[in-house]
Amino acid sequence: MTGTGLIRLRPQRIRLVCWVSAAVLLVLFAVIATTLTGPTGNGYGTFQRGDQLAMIGLGVLFALGALLFTRPRVEADERGVRVRNIIGSYELPWEVVRGIRFDRGAPWAALELHDDDLLPVVALQAADKQLAVDGVRALRRLHQAHLSALTDRPAGH
């Protein structure tokens, strides 16, 4: 993450937690599915193979839901920044970015835009500690390099 080249960042801790959680959910729902046998409780019906498959299907869906949280990433270069959050993606030129914020106590960083909007950058999470700090610093260096390139241009261009 040194210099002002291409930067690619992804959260680390949440990805590990999500993959472990997804595996636990799959195992848990598979175990529940294997225990669904015999009467349903009051004797009016019995659990069928379809009930077991449905329970496994629910486990797959919940595991995929947990894996959605591994989606965030940020990429940046001299032209701009591309942010992919859990839901939604943005591609912004540096011209619309006022600054990169990572306020104390905030769960993740944010891009402060010139129209006073804040765009969350979920890929830079406080849980990742130094990795997130280094990522914010690298983004700030790229943003600063773009700003200084703008001021170094001749007035007629």
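To be clear, the structure that these remarks concern was listed above.
Engineer: Explain the overall build of the protein chain to me, and be specific about the residues and the numbers.
Structural biologist: Helix and strand content of the protein chain: three helices and seven strands. Along the chain direction, N to C, the helices and strands of the protein chain fall in the order β-α-α-β-β-β-β-β-β-α. In terms of overall size, the protein chain is more extended than a compact globule, its C-alpha atoms giving a radius of gyration of 23 Å where 157 residues would be expected to give roughly 15 Å. Dimensions of the protein chain, computed from the C-alpha atoms along their principal axes, are close to 85 × 30 × 25 Å. Taking all 157 residues of the protein chain together, the buried fraction comes to 31%.

Engineer: Go over the pairing of strand S6 (residues 108-113), please, and point to the residues and values.
Structural biologist: S6 sits mainly inside the fold: five of its six residues count as buried. Of the strand pairs in this sheet, strand S5 (residues 97-101) and S6 are connected by four bridges, and their pairing is antiparallel. Bridge pairing in S6 places Arg101 opposite Ala110. The antiparallel hairpin formed by S5 and S6 contains six residues in its connecting segment, where Gly105 sits at a positive phi of about 85°.

Engineer: Break down the sheet that holds strand S2 (residues 73-76) for me, with residues and values.
Structural biologist: In spatial order, the strands read S1-S2-S3-S4; together these four strands make up an open sheet with antiparallel pairing. Of all the strands in the sheet, the pair left with one neighbour each is strand S1 (7-9) and strand S4 (89-93). Within the sheet, the average angular offset between the axes of one strand and its neighbour, ignoring direction, is 10°. In this sheet, S4 lies alongside strand S3 (residues 80-84) in antiparallel orientation, the contact comprising five bridges. Looking at S4, one finds that Val81 is bridged to Leu92. Against the sheet, helix H3 (residues 130-152) contacts S1, S2 and S3, and its axis sits at roughly 150° relative to S1.

Engineer: Kindly report on helix H1 (residues 13-35), identifying the contributing residues and their values.
Structural biologist: Each turn of an α-helix holds 3.6 residues, which means side chains three or four residues apart point in the same direction. With 23 residues, H1 extends 33 Å from end C-alpha to end C-alpha; this agrees with the ideal 33 Å at 1.5 Å per step. When we look at burial in H1, the residues that qualify are Cys18, Ala22, Phe29 and Ala33. The inward-facing, buried residues of H1 abut helix H2 (49-67).

Engineer: So what's going on with the nonpolar core? Residues and values would help.
Structural biologist: Grouped burial of nonpolar side chains is what soluble globular proteins tend to show. Of all hydrophobic cores here, the largest spans 21 residues; its most connected members are Val74, Val81, Trp94, Leu111, Leu124 and Leu139. If we ignore the near neighbours within four places in the chain, the residues touching Trp94 are Ala76, Asp77, Glu78, Arg79, Gly80, Val81, Ile100, Leu139, Leu142, His143 and His146.

Engineer: Tell me about the pattern of salt bridges, residues and numbers included.
Structural biologist: Note that side chains of opposite charge can pair when their charged atoms are close. Scanning the entire structure with this criterion turns up seven salt bridges. Between Arg98 and Glu112 there is a salt bridge, and its shortest N-O distance comes to 3.2 Å. Separated by 14 residues along the polypeptide, Arg98 in strand S5 and Glu112 in strand S6 bring together distant segments of the chain. The salt bridge involving Arg101 is made with Asp103; its shortest N-O contact spans 2.7 Å. A relative accessible area of 29% places Arg101 in the partly exposed class. Via salt bridges that share partners, Arg8, Glu75, Asp77, Arg79 and Arg82 belong to a single interconnected network.

Engineer: Residue-level account of the packing of aromatic side chains, with values.
Structural biologist: The final tally for this structure, using the stated rule, is one aromatic pair. On the numbers, 5.4 Å between centres and 55° between planes, the contact of Phe29 with Phe62 is tilted. Here Phe29, found in helix H1, pairs with Phe62, found in helix H2; they are 33 residues apart in sequence, far enough to count as distant.

Engineer: So what's going on with the sheet that holds S6? Residues and values would help.
Structural biologist: What holds strands together in a sheet is hydrogen bonding between their backbones, with the strands either parallel or antiparallel. What the three strands build is an open sheet, ordered S5-S6-S7; its pairing is antiparallel. Two strands in the sheet have a free side with no partner beyond their single neighbour: S5 and strand S7 (118-125). Averaged over all pairs of adjacent strands, the angle between strand axes in this sheet comes to 25°, irrespective of strand direction. Summarising the sheet, S6 and S7 pair through five bridges and their orientation is antiparallel. Opposite Leu111, over in S7, you have Leu119 as the bridge partner. Sheet strands touched by H3: S5, S6 and S7. Its angle to S5, the strand with the most contacts, is close to 160°.

Calculation criteria
Residues numbered from 1 in each chain as written. Predicted model: local features only at pLDDT ≥ 70, side-chain atom pairs only at ≥ 80, totals over all residues. Heavy atoms only, no water. Helix = DSSP H or I, 4+ residues; strand = E, 2+ residues; numbered from the N terminus. Rg over C-alpha atoms; globule rule 2.2 N^0.38 Å. Buried < 20%, exposed > 50% of the residue type's maximum accessible area, 1.4 Å probe, protein only. Pairing = 2+ DSSP bridges. Axes fitted to C-alpha atoms, helices over the stretch in contact; angles between N-to-C directions. Contact = heavy atoms within 4.5 Å. Expected span 1.5 Å × (residues − 1). Core = buried A, V, L, I, M, F, W, Y, C linked by side-chain atoms within 4.5 Å. Salt bridge = Lys/Arg side-chain N within 4 Å of Asp/Glu carboxyl O. Phe/Tyr/Trp six-rings, centres within 6.5 Å; stacked < 30°, edge-to-face > 60°.

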